[in-house]
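Fold and contact review
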Amino acid sequence: MDAMKPTSTFVAGSGDGYEQVMGRWSRRLATPFLDFAGVADAERVLDAGCGTGSLTFSLAGRMDGGWIDAVDLSEIYVGHAAERNADPRISFAAADICALPYDAATFDRVLSMLVLHFVPEPQRAVNELRRVARPGATVAATVWDVRGGFVANRMFYDTAAAVDAEGARRRARNFTRPMTRPGELASSWREAGFIDIREASLMIRMEFSCFDDYWAPYSGKDGPGAEYMATLDDAARQRIGTLVRDAYLDGEADGPRSYAAVAWAVSGRVPG
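Described below are features of the structure shown in this document.

Calculation rules
- Residues numbered from 1 in each chain as written.
- Predicted model: local features only at pLDDT ≥ 70, side-chain atom pairs only at ≥ 80, totals over all residues.
- Heavy atoms only, no water.
- Helix = DSSP H or I, 4+ residues; strand = E, 2+ residues; numbered from the N terminus.
- Buried < 20%, exposed > 50% of the residue type's maximum accessible area, 1.4 Å probe, protein only.
- Contact = heavy atoms within 4.5 Å.
- Axes fitted to C-alpha atoms, helices over the stretch in contact; angles between N-to-C directions.
- Parallel < 35°, antiparallel > 145°, perpendicular 65-115°, else oblique.
- Left-handed = near helix turned anticlockwise from the far one by under 90°.
- Pairing = 2+ DSSP bridges.
- Core = buried A, V, L, I, M, F, W, Y, C linked by side-chain atoms within 4.5 Å.
- Arc of directions from axis to C-beta.
- Phe/Tyr/Trp six-rings, centres within 6.5 Å; stacked < 30°, edge-to-face > 60°.
- Right-handed = clockwise from strand over helix to strand, strands pointing away.

**Examining the overall build of the protein**
Within the protein, the regular secondary structure consists of 10 helices and 7 strands. Structurally, the protein occupies a C-alpha span of about 55 × 35 × 35 Å along its principal axes. Looking at the protein as a whole, 52% of its 272 residues qualify as buried. Within the protein, contacts between residues separated by at least 24 positions form 78% of all contacts whose residues are at least 6 apart in sequence.

What follows is the structure, encoded as structure tokens:
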């Protein structure tokens, strides 16, 4: 592996920051994703790209026995998850999804949630997911439909693109991430040699208590939105913040808002 080549484009700042940016929504998405991907007692399962453990803990709650290995490229995130873990069936570790530290044919089920669209070489990661899965094992993943089904994210980037040339470039990059177009996950699964491939779209609601609750992640240090905002001067940050607030309010008083968030999902089985 080329050690100089990044294997994730997601900027990690802190576990609490990730919880605010994505962890709280990952916990919601974990429910329909596990309904789709399935789980059985006494399995050995890999959560590849676990972040702060949203899917991991949801998975453990559905299993009677078994073992879960959860890995993420960010030592910050796995450390945060490990500090909250009281389940002896779960092991958290820092590892690269493109070079997993497991022997071939180790796992009965391999899951990856909201990760592959941040991997510059996603097919390399998918091939790794298959490598560590046993014959007959299910391998499943889900990513946001960033272009067509991620309302809260779109509101921010559309505003930034209208204000700032770099914002327009960031929007284009964000909405053309790999694995986020219709059918792209399934095509990757076919290329990796999976069989019995299934596709689905999953939906949750992102519910914010007020604009500050919505805006806080963009003033933090985690994720692409915060990374972009950190490049701006104070005047540009204030202008974008004001315009995004107008979009959030939509002519009404500040308060709760609920936005749909749609994700693509795929599962397949390793032959054998």
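The structure having been displayed, the exposition proceeds.
**Here we look at the environment of Tyr 77**
Its location among the elements puts Tyr 77 in helix α3 (residues 75–84). The exposure class of Tyr 77 is buried, given its relative accessible area of 3%. Residues Tyr 77 and Ala 253, spaced 176 residues apart in sequence, show a C-alpha to C-alpha distance of 36 Å.

**Examining the packing of helix α4 (residues 122–131) against helix α7 (residues 184–192)**
Direction vectors running N to C along α4 and α7 enclose 55°, while the axes themselves pass 10 Å from each other. The angle between α4 and α7 falls in the class oblique. Of the two possible hands of crossing, α4 and α7 adopt the one that is right-handed. Contacts between α4 and α7 involve Gln 123, Val 126, Asn 127, Leu 129 and Arg 130 from the first element and Ser 188, Trp 189, Glu 191 and Ala 192 from the second.

**Section: unusual backbone geometry**
Residue Ala 105 is not a glycine yet carries a positive backbone phi of 60°. Mapped onto the elements of the fold, Ala 105 is located in the loop between β3 (90–94) and β4 (107–113). Even without a glycine there, the phi angle at Asp 250 is positive, about 55°. Within the secondary structure layout, Asp 250 lies in the loop between α10 (234–249) and β7 (257–269).

**Some thoughts on the sheet that holds β3**
Taken together, 7 strands build an open sheet; the order of strands is β3-β2-β1-β4-β5-β7-β6 and the sheet is mixed. In this open sheet, the two strands that pair with only one neighbour each are β3 and β6 (195–208). Between one strand and the next, the sheet's axes are offset by a mean angle of 20°, whatever the strand orientation. Of the pairings in the sheet, the one linking strand β1 (residues 44–48) to β4 comprises 3 bridges and is parallel in character. Note that in β4 the partner of Val 45 across the bridge is Arg 109. The sheet contacts of α3 involve β2 (67–72) and β3, and relative to β3 the element is tilted by about 160°. Lying on the sheet, α7 is in contact with β5 (133–144), β6 and β7; it crosses β7 at an angle near 20°.

**Observations concerning the nonpolar core**
Among the nonpolar cores identified, the biggest contains 57 residues, and Phe 33, Leu 111, Trp 144, Phe 156, Tyr 214, Trp 215 and Ile 240 are the most heavily contacted of them. It is helix α1 (residues 15–37) that contributes the most residues to this core, 10 residues altogether. With residues near it in sequence (within four places) discarded, Phe 156 still touches Tyr 214, Trp 215, Tyr 218, Gly 225, Tyr 228, Met 229, Ile 240 and Val 244. One finds Tyr 102, Leu 116, Ala 125 and Met 179 within the second-largest nonpolar core, a separate group that totals 30 residues.

**Regarding helix α6 (residues 165–175)**
Along α6, the positions that sit buried rather than exposed are Gly 167, Arg 170, Asn 174 and Phe 175. End-on view of α6: buried residues confined to an arc of 120°, all on one side of the axis. Exposed residues on α6 whose side chains face more than 90 degrees from its buried face are Ala 165 and Arg 169.

**A word on the packing of aromatic side chains**
Taken as a whole and assessed by the stated rule, the structure comprises 20 aromatic pairs. On the numbers, 6.2 Å between centres and 70° between planes, the contact of Phe 156 with Tyr 228 is edge-to-face. Placement of the pair is Phe 156 in helix α5 (residues 151–163) and Tyr 228 in helix α9 (residues 223–229), with a sequence separation of 72 residues. Each member of the pair, Phe 156 as well as Tyr 228, carries the same accessibility label: buried.

**Details of the pairing of β2**
Burial analysis of β2 places 5 of its 6 residues in the buried class, the great majority of the element. After leaving β1, the chain enters helix α2 (residues 54–62) and then returns to the sheet as β2, a path that is right-handed. The pairing of β2 with β3 spans 5 bridges and is classified as parallel. Looking at the pairing, Ala 70 lines up with Phe 92 of β3. Read from β2 through α3 to β3, the crossover connection turns out right-handed.

Any functional reading would require information beyond the geometric quantities listed.
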